[in-house]
Amino acid sequence: MADKPIELSPELQKRLREEFVKEWRQALRKDPPARERTKILRQPMPQRGAGERSRDFREVNCGLSAEAALAEARRCLDCAKPGCVSGCPVSIDIPSFIKLIEKGEFIAAAFKIKETNALPAICGRVCPQESQCEAVCNLKKAAGIPVAIGNLERFAADYERNAGEVALPALPPPTGRRVAIIGAGPAGLTAAGELAKKGHAVTVFEALHEPGGVLIYGIPEFRLPKAILKAEVEYLKRLGVEIRYNFVVGKTATMDDLRAAGYEAFFIGTGAGLPNFMKIPGENLVGVYSANEYLTRVNLMRAYNFPEYDTPVFRAKNAAVIGGGNVAMDGVRTARRLGAERAMIIYRRSRHEMPAREEEVGHAEEEGIEFHFLTVPIRYDGDETGRLKSMTCLRMELGEPDASGRRRPVPVPGSEFTTPIDLAVVAIGQSPNPLLLATMPGLKVGKWGTIEVDPATMASSLPGVYAGGDITRGGATVILAMGDARTAAASIDAYLKS
Amino acid sequence: MPKVIAQRRLVPNLHLIEIEAPETARAARPGQFVILMSDAKGERIPLSIADWDAERGTVTSVFLVLGSATRKLSQLSAGDEIPVFVGPLGRPSEIGEFGTVVLAAGCYGIGALWPTARALREAGNRVITLLDVKASYLLYWNDRYRKVSAKLHIASRDPGVGGGEYIAARIGEIARVEKIDRVMTVGCTAMMRSVAEATKPLGIKTIVSLNPIMVDGTGMCGACRCTAEGRTQFACVDGPDFDGHTVDWDELFLRRKSYFDEEIQSLCRWEKENLP
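On a predicted model such as this, the values are computed, not experimentally measured, just so you know.

Colleague: How should the overall build of chain A be read in this particular structure?
Modeller: For chain A, the count of helices and strands is 19 helices and 16 strands. The C-alpha atoms of chain A give a radius of gyration of 23 Å, which matches the 23 Å a tight globule of 498 residues would have. For the C-alpha atoms alone, the extent of chain A along its principal axes is close to 75 × 60 × 50 Å. Each of the 498 residues in chain A was classed as buried or not, and the buried ones make up 52%. Across chain A, every contact between residues at least 6 apart in sequence was considered, and the portion connecting residues at least 24 apart equals 70%.

Right, here's the structure in full:
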């Protein structure tokens, strides 16, 4: 399922064109010719074997070798009208960076990506490229299989990081204008980087004690190593971004306090940090977690290293994760790594409707995860000590399509059955965290608790206050949050200069 | 990183920690809490705010030394830095002109209820304080409470300081001689429950400050969910104060004990590494 292509602005089209017509690009395009390029097979992402990796938390994907990256870059046809760029929420000049890889200029390629994306090593790992840039790659139309753009992005970023200190772009003289960013997640970090590059004094206020938001508390080490995140944040700090940890805006200080302290513009990127529960009997039993809690304990608090780290988490024999998104996949694969003999996905629709990325589902299957489709829990039961011991579910069948266009699951009468489990992780989605919003009278908030913004500028109803990511979308992706943040940063820059 | 200004034993097993946190000190209100963590490998734990000094920019908590997280906190000294100190979190306690308010505090709750006592007195209430201590040598801050209380009672099993009874029995005795408009109680879960159970048949509104396990403290994880007022609530953002007559105490007890085995394992490990 491809996301809607984004219309390219005239400036962007002009910029792409200027690169496209450069002499080296023209020469490279001819050698080898397109028909030979289409014959090259997509380079597989090397990965660790399922047996080994499902017992530890080290990264699953190993990254392309330089040879594989060169071969993959050669598959790119360097189209006059590239589809890929219109599929990228942050409008990376994809053909230019891929052709730089083909030319062997790996660091220049990373630099090209960073013109529009401050966190390429992260995006190369967690973006759903198959529904974005790769979905609209012209090679997909021509030869069936698109260029592995995400794998190449990751390659360039990793190469640059491993090559030593990452070079900084030329920074303009400081403007002396202060911007407060609320939340150090993907949106906040992106906005911070963009605004620092414009010369503004940027402070990021973060409630937790480490940066990254969902990248640190949600996405597991085996998909996004913390060292990668740390390096990307170091880069932002070198751009001049200041991060204040342990600071809950709305509690530690209000937005008005920050305004009084000299901040002139604000970007809110507080995310969708409010876990949804199903409100079924037994959901408060010991052993039932929200995905947020389960993953936070394991990722941010390193519970997989208990008792070396103090934070515990249950190590289950029979684990059930409720939901079919990427968070559910992260949860169930985490339970597996913590020793679960049976690690199950319980999803109310069928495989076809599952929102998780194909790569994650495939990895989960390889790791021995059981998938129970068209199944929904209706009750949890505990033992005499209040600990979860079983889950009772109903089978579903697909009925008429609902508002999302997906066929609505309806219960099959009399299909109730009970399974023993000692861990349940509820991963059915998050809502925007209302903590900050409740302290901002006058801020226009939508039906689902999201901040209402003008999508062209990401401006909220309050002057100087911008927002992006899940706090405006309700629950989307890292890259869409970053796209919003780029838009907002440009608006904030214009606002400060007006 | 936040800096420790002072850390010392108040009475056996109860310690006081004062942290430099100017913004938190300015924003703190009675009934709120902080989340802190002693070291990079530690656990985030919530502690009620027992006092603050906006001018000095410091916040004080009183904690019971129980597991490895609090054991580590109890080893800190002035000048040490800790990676997590965040707050003030939770909704402040409701401070109004209620009339006669009985404050029932025990254990760490004697510290935790102090800002509420001060604020209630300033709001014009008649404050009756009941402090529950197991023995005379566990009593602290009674001098502070005396200044704001019309009456100060001590319930204790130590015949030297109290009449040998539990705190809940004393509330019944007070209610027989005068009208109580509200009870507020902070301390161990069993004590708060017994107070709430004692006041329910008397029809006295009773506010309890719940103390479930928390992780982030901002409503993000739901570890602290408890049943009160007829629905599941997150103690960190919907509380910590709730109507004590509506709390599902059995559930709270079970959820607080979620990691009992792990706590013992962690503490044994700490003791093995740190005690001679």
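Colleague: Before we go on, may I ask you to explain the overall build of chain B in this structure?
Modeller: Counting its secondary structure elements, chain B contains 10 helices and 15 strands. Against the globule reference of 19 Å for 276 residues, chain B gives a C-alpha radius of gyration of 18 Å, in line with a compact fold. Across its three principal axes, chain B shows a C-alpha extent of roughly 55 × 40 × 40 Å. Taken over 276 residues, chain B has a buried fraction of 52%. Partitioning the contacts of chain B with sequence separation of at least 6, the portion at a separation of at least 24 is 66%.

Colleague: Quick question: what am I supposed to make of the domain arrangement of chain B here?
Modeller: Frequently, the measure chosen for interface size is the accessible area removed from exposure when the parts meet. Residues and elements named next belong to chain B. Split into domains, chain B comes out as domain 1 (3-89) and domain 2 (93-209). Each of domain 1 and domain 2 has a C-alpha centre, and the two are 24 Å apart. Taken together, the contact between domain 1 and domain 2 spans 14 residues of the former and 15 residues of the latter. When residues of the side of domain 1 that touches domain 2 are traced back to their parent elements, those giving at least two are strand S1 (3-11) and strand S6 (58-64). For the side of domain 1 that touches domain 2, the leading source of residues is S6, giving 4 residues. In the side of domain 1 that touches domain 2, the residues fall into 10 nonpolar, 3 polar and 1 charged.

Colleague: What's the story with the domain arrangement of chain A in this structure? I'm lost.
Modeller: Residues and elements named next belong to chain A. Segmenting chain A into domains produces domain 1 (10-162), domain 2 (178-273 + 431-497) and domain 3 (277-428). Computed over C-alpha atoms only, the centres of domain 2 and domain 3 are separated by 30 Å. Taken residue by residue, the interface counts 10 residues in domain 2 and 9 residues in domain 3. Split by residue class, the side of domain 2 that touches domain 3 holds 5 nonpolar, 2 polar and 3 charged.

Colleague: Is there a simple way to explain the pairing of strand S8 (residues 100-106) of chain B in this structure?
Modeller: One face of the sheet, then the other: side chains in a regular strand alternate in exactly this way. Residues and elements named next belong to chain B. Of all the 7 residues making up S8, 6 are buried; the element is thus mostly covered by neighbouring parts of the structure. Where S8 and strand S11 (residues 182-186) come together, 5 bridges link them in parallel fashion. For Leu103, the partnering residue across the bridge sits in S11 and is Met184.

Colleague: So what exactly am I meant to see when it comes to unusual backbone geometry here?
Modeller: Glycine aside, a negative phi is what most residues show, and trans is what most peptide bonds show. Note the cis peptide between Asp31 of chain A and Pro32 of chain A, where omega equals 0°. On the secondary structure map, Pro32 of chain A appears in the loop between helix H2 (23-30) and helix H3 (34-37). Here Gly87 of chain B and Pro88 of chain B are connected by a cis peptide whose omega angle stands at 0°. Secondary-structure assignment places Pro88 of chain B in strand S7 (residues 84-89). Even without being glycine, Ser91 of chain A reaches a positive phi, approximately 50°. Mapped onto the fold, Ser91 of chain A is located in the loop between helix H5 (66-75) and helix H6 (94-102). A positive phi angle, near 50°, is found at Leu374 of chain A, a position not held by glycine. Tracing the backbone through its elements, the reader meets Leu374 of chain A in the loop between strand S9 (370-372) and strand S10 (375-382). Overall, the presence of 22 C-beta atoms within 10 Å leaves Leu374 of chain A in the buried class.

Colleague: What's the story with the sheet that holds strand S4 (residues 265-268) of chain A in this structure? I'm lost.
Modeller: Two pairing modes exist for strands in a sheet, parallel and antiparallel, and in both the strands are linked by backbone hydrogen bonds. Residues and elements named next belong to chain A. With parallel pairing, 5 strands are arranged side by side in an open sheet as S3-S2-S1-S4-S16. The open sheet has two edge strands with one neighbour each: strand S3 (242-244) and strand S16 (465-467). The average undirected angle you get between the axes of adjacent strands in this sheet is 20°. Note that S4 and S16 share 3 bridges and pair parallel. Looking across to S16, one finds that Ile268 is bridged to Ala467. The strands touched by helix H19 (residues 478-497) are strand S1 (178-182), S4 and S16; relative to S4, the strand with the most contacts, the crossing angle is about 170°.

Colleague: How do you make sense of the confidence of the model for chain B when you look at a structure like this?
Modeller: Interpretation of this model should avoid reading the predicted coordinates in detail wherever pLDDT is low. Per-residue confidence for chain B gives a mean pLDDT of 95; residues scoring 70 or more make up 100%. What the predictor reports for the complex is a pTM of 0.94 with an ipTM of 0.95.

Colleague: I tried to follow the environment of Gly42 of chain B on my own but got confused; where do I start?
Modeller: Within the secondary structure, Gly42 of chain B sits in the loop between strand S3 (33-37) and strand S4 (45-48). Apart from the residues within four sequence positions on either side, Gly42 of chain B is in contact with Asp310 of chain A together with Met37, Ala69 and Lys72 of chain B.

Colleague: What's the story with the nonpolar core in this structure? I'm lost.
Modeller: Generally speaking, soluble globular proteins have nonpolar side chains that are buried together. Residues Phe267, Ala319, Val321, Ala424 and Val425 of chain A are the most contacted members of the largest nonpolar core, which totals 234 residues. Looking at this core, the element that brings in the most residues is H19 of chain A, giving 9 residues.

Colleague: In this structure, what is going on with the sheet that holds S4 of chain B? I would like to understand it.
Modeller: All names here are of chain B. As summarised here, the arrangement of the 3 strands in space is S4-S3-S7, forming an open sheet in which the pairing is antiparallel. Bordering the open sheet on either side are S4 and S7, each of which pairs with just one other strand. Mean inter-strand twist for the sheet, computed between neighbouring axes without regard to direction, equals 25°.

Colleague: Just checking my understanding: could you explain the packing of helix H15 (residues 291-298) of chain A against helix H16 (residues 326-337) of chain A for this structure?
Modeller: The angle between the axes and the distance between the axes are what describe a pair of packed helices. Residue and element names in this part refer to chain A. Two elements in contact, H15 and H16, have axes separated by 10 Å at closest approach and are oriented at 50°. When the interaxial angle is binned, H15 and H16 end up oblique. Handedness of the crossing formed by H15 with H16: left-handed. Packed against H15, whose contacting residues are Ala291, Tyr294, Leu295 and Val298, the element H16 presents Val327, Ala328, Asp330, Gly331 and Thr334 at the interface.

Colleague: Even after reading the chapter, I still don't get H15 of chain A, so can you show me in this structure?
Modeller: Because each turn of an α-helix spans 3.6 residues, side chains separated by three or four positions end up pointing in the same direction. Counting buried residues along H15 of chain A, 8 of its 8 residues qualify, which places the element largely inside the surrounding structure. Every buried residue of H15 of chain A is accounted for by Ala291, Asn292, Glu293, Tyr294, Leu295, Thr296, Arg297 and Val298 of chain A.

What counts, and at which threshold
- Residues numbered from 1 in each chain as written.
- Chains lettered and ligands numbered in written order.
- Predicted model: local features only at pLDDT ≥ 70, side-chain atom pairs only at ≥ 80, totals over all residues.
- Helix = DSSP H or I, 4+ residues; strand = E, 2+ residues; numbered from the N terminus.
- Rg over C-alpha atoms; globule rule 2.2 N^0.38 Å.
- Buried ≥ 20, exposed ≤ 12 C-beta atoms within 10 Å, placed from the backbone.
- Contact = placed C-beta atoms within 7 Å.
- Domains from an automatic or database assignment.
- Nonpolar A, V, L, I, M, F, W, Y, C, P; charged D, E, K, R; others polar.
- Pairing = 2+ DSSP bridges.
- Axes fitted to C-alpha atoms, helices over the stretch in contact; angles between N-to-C directions.
- pLDDT = per-residue confidence, 0-100.
- Core = buried A, V, L, I, M, F, W, Y, C linked by C-beta atoms within 7 Å.
- Parallel < 35°, antiparallel > 145°, perpendicular 65-115°, else oblique.
- Left-handed = near helix turned anticlockwise from the far one by under 90°.

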